[in-house]
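Listed below are the residues making up each chain.
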Amino acid sequence: MMKSTKPAEAIVSVAKLLTTRHLAAAGRRAAAQRNDRRGRTGDDWRDLIGVAVSAALSLGVAGAAWAVLPDELKPVTKSDPKATVLPKPVVKSEPKPPVTSRSEAETAQAASPARQAGDVFRDCSDCPEMVVIPAGRFLMGSPEGESGRSNDEGPQHEVTMAQAFVVGRYEVSFAEWDACVAAGGCRHRPNDEGWGRSRRPVVNVSWEDARTYVAWLAKKTGKGYRMLSEAEWEYAARAGTTSTYPWGNEPGQGRANFAGSGSHWSGKQTAPVGSFAANGFGLYDMIGNAWEWTQDCWNASYSGAPADGSPWLKGECGRRVVRGGSWYFRPVLARAAFRGRYVPGSRFSVLGFRLARTL
């Protein structure tokens with residue numbers, strides 16, 4: 001059933017009546033003022049009409065109020081195609097604050113000049129110091145006439161390192177390993193044999209333990225940390241030399257920590273990392289102190305070995321290659337070309353490791 005519109009019509013009629021009366025009164029006032037030659041302006045008419053509008057609005061009939069307005073004074077509506085739309089004010093945006101997120105900071109770092117061969121750096125306060133090793137090539141293995149040579153050290157073959165890479169300046173220390181344990185990245189807490197932790201090379205770690213540490217550090221830093229390939233290890237240990245040891249063909253005295261090397265640690269225990277002179281690439285303890293795990297599977301000769309420095313991941317992978325000799329073993333096992341092997345789960349006081357990283 002439709003509602004009656006009579007009350008609304010009555011309200012509009014009242015509004016119009018009031019408006020007419022206001023306009024008539026305003027006309028009389030205007031006529032009375034003509035003798036003083038003062039004409040009404042457009043503003044005056046707007047004032048008068050405003051009185052009528054106010055009267056209608058006071059009655060709550062906005063529709064009636066707008067109905068009595070001339071077209072030029074009606075409010076602009078979106079539906080009116082003749083409406084003049086004022087331009088929106090221009091609001092100047094505030095300058096954006098500098099970006100400080102870690103990801104963009106890393107992007108900025110990546111845009112900085114590339115590291116050069118010989119540069120020493122670390123990626124975090126708990127990270128091992130690293131050294132950039134130059135690209136190059138070398139003869140891997142030992143010549144047939146080398147004293148103490150084993151058949152698994154041949155045939156000698158050329159290996160090319162097409163790109164520079166990064167190697168730990170020292171063997172990974174107990175302090176660095178313990179940081180991994182404290183952060184929850186490593187669960188194994190190796191025995192230090194009573195020799196002390198801190199700057200001693202971490203020992204009693206397996207190949208699998210080493211991989212755990214590498215994975216933790218790679219995740220922590222976002223960098224390409226890994227274990228060295230066997231070829232990278234020998235290239236880094238020789239540092240451009242072709243002799244039996246990096247310093248010459250004789251073991252000598254006081255050059256490194258292995259049995260009979262003349263130091264007060266020889267045949268007894270590990271020495272703090274960096275206790276002996278560095279080699280030509282600025283690396284310490286590549287010979288002696290602790291055997292260093294590599295990525296490679298064991299193969300009894302170099303026949304078919306990669307020539308690009310990559311790890312050899314075919315062969316007897318139930319044993320992994322170790323290099324460099326240790327505090328306990330004879331000098332002949334500390335030669336740059338000597339190859340050892342252990343089961344990946346082995347944890348002994350002669351076993352440690354060193355890091356590599358891709359630039």
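For the structure itself, look to the data block above.
About the thresholds
Residues numbered from 1 in each chain as written. Predicted model: local features only at pLDDT ≥ 70, side-chain atom pairs only at ≥ 80, totals over all residues. Heavy atoms only, no water. Pairing = 2+ DSSP bridges. Helix = DSSP H or I, 4+ residues; strand = E, 2+ residues; numbered from the N terminus. Contact = heavy atoms within 4.5 Å. Axes fitted to C-alpha atoms, helices over the stretch in contact; angles between N-to-C directions. Parallel < 35°, antiparallel > 145°, perpendicular 65-115°, else oblique. Nonpolar A, V, L, I, M, F, W, Y, C, P; charged D, E, K, R; others polar. Buried < 20%, exposed > 50% of the residue type's maximum accessible area, 1.4 Å probe, protein only. Core = buried A, V, L, I, M, F, W, Y, C linked by side-chain atoms within 4.5 Å. Phe/Tyr/Trp six-rings, centres within 6.5 Å; stacked < 30°, edge-to-face > 60°. Lys NZ or Arg CZ within 6 Å of the ring centre and 35° of its normal. Disulfide = S-S within 2.5 Å. Expected span 1.5 Å × (residues − 1).

Student: Outline the sheet that holds strand β2 (residues 130-133), listing residues and values.
Tutor: In spatial order, the strands read β1-β2-β5-β11-β6; together these five strands make up an open sheet with antiparallel pairing. Taken across any chain shown, the strands that pair with only one partner, and hence form the sheet edges, are β1 (120-121) and β6 (224-227). By the bridge criterion, two bridges tie strand β5 (residues 165-168) to strand β11 (residues 355-358) in an arrangement that is antiparallel. Across the sheet, Val166 pairs through a bridge with Arg357, a residue of β11. Here helix α6 (residues 207-221) sits on the sheet in contact with β6 and β11, set at roughly 170 degrees to β6.

Student: Explain the packing of helix α5 (residues 174-182) against α6 residue by residue, including any values.
Tutor: Contact pair α5 / α6: the axes reach a minimum separation of 11 Å and the direction vectors enclose 70 degrees. Classed by the angle they form, the pair α5 and α6 counts as roughly perpendicular. Where α5 abuts α6, its residues Glu176, Trp177, Ala179 and Cys180 lie against Asp209, Tyr213 and Trp216. In terms of residue class, the contact of α5 with α6 is made up of five nonpolar, no polar and two charged.

Student: Explain unusual backbone geometry to me, using residue names and the numbers behind them.
Tutor: A cis geometry characterises the amide bond from Gly154 onward to Pro155, with omega recorded as 0 degrees. Following the sequence through the fold, Pro155 ends up in the loop between β3 (136-140) and β4 (157-161). Its identity as a non-glycine residue notwithstanding, Asp285 has a phi of 60 degrees, on the positive side. Considering the arrangement of structural elements, one finds Asp285 in the loop between α7 (230-238) and β7 (291-298). Positive phi, normally seen in glycine, also occurs at Asn289, with a value near 75 degrees. Within the secondary structure, Asn289 is located in the loop between α7 and β7. Assessed through its relative accessible area of 0%, Asn289 is described here as buried.

Student: Which residues make up the nonpolar core, and what values go with them?
Tutor: Judged by nonpolar contacts, the single largest core of 35 residues is most densely connected at Tyr213, Trp291, Trp293, Phe353 and Leu355. Counting only elements with at least two residues in this core, the list comes to β2, α5, α6, β6, β7 and β10 (351-353). Examining the composition of this core, we find that six residues originate from one element, α6, more than from any other. Grouped together as the second largest cluster of nonpolar side chains are 27 residues, Met161, Phe165, Ala236 and Ala356 included.

Student: Outline the packing of aromatic side chains, listing residues and values.
Tutor: Applying the stated criterion across every chain, the model contains 17 aromatic pairs. Between Trp265 and Phe276 the ring centres are 5.9 Å apart and the planes differ by 75 degrees, which places this aromatic pair in the edge-to-face class. Of this pair, Trp265 sits in the loop between α7 and β7 while Phe276 sits in the loop between α7 and β7, placing them eleven residues apart in sequence. Like Trp265, the residue Phe276 is buried in the burial classification. Through pairs of rings, three or more aromatic residues link up here, namely Trp195, Trp291, Trp327, Tyr328, Phe329 and Phe338. The ring of Phe121 has Arg115 lying over it, and the distance from NZ or CZ to the ring centre is 3.8 Å. Taking NZ or CZ as reference, Arg199 lies 4.9 Å from the ring centre of Tyr170, over its face.

Student: Any details on the state of the cysteines? Residues and values, ideally.
Tutor: Disulfides are covalent bonds that connect the sulfur atoms of two cysteines. Applying the stated criterion across every chain yields a total of three disulfides. Note that Cys297 is cross-linked by a disulfide to Cys317, the S-S spacing being 1.9 Å. Looking along the S-S bond of the Cys297-Cys317 disulfide, the torsion reads about 90 degrees, which is the right-handed sense. Of this pair, Cys297 sits in strand β7 while Cys317 sits in strand β8 (residues 316-323), placing them 20 residues apart in sequence. Classification of Cys297 by relative accessible area gives buried; the value is 1%. For Cys317, a relative accessible area of 28% translates into the label partly exposed. Among the cysteines of the chain that take part in disulfides, numbered as they appear in the sequence, the pairing is 1-2, 3-4, 5-6.

Student: With reference to specific residues and values, describe α6.
Tutor: The terminal C-alpha atoms of α6 lie 21 Å apart, and with 15 residues this matches the ideal 21 Å at 1.5 Å per residue to within 8%. When we look at burial in α6, the residues that qualify are Trp207, Asp209, Ala210, Tyr213, Val214, Trp216, Leu217 and Thr221. Phi for Gly222, located one or two positions after α6, is positive at around 75 degrees.

Read these as layout, nothing more, since geometry by itself doesn't imply function.
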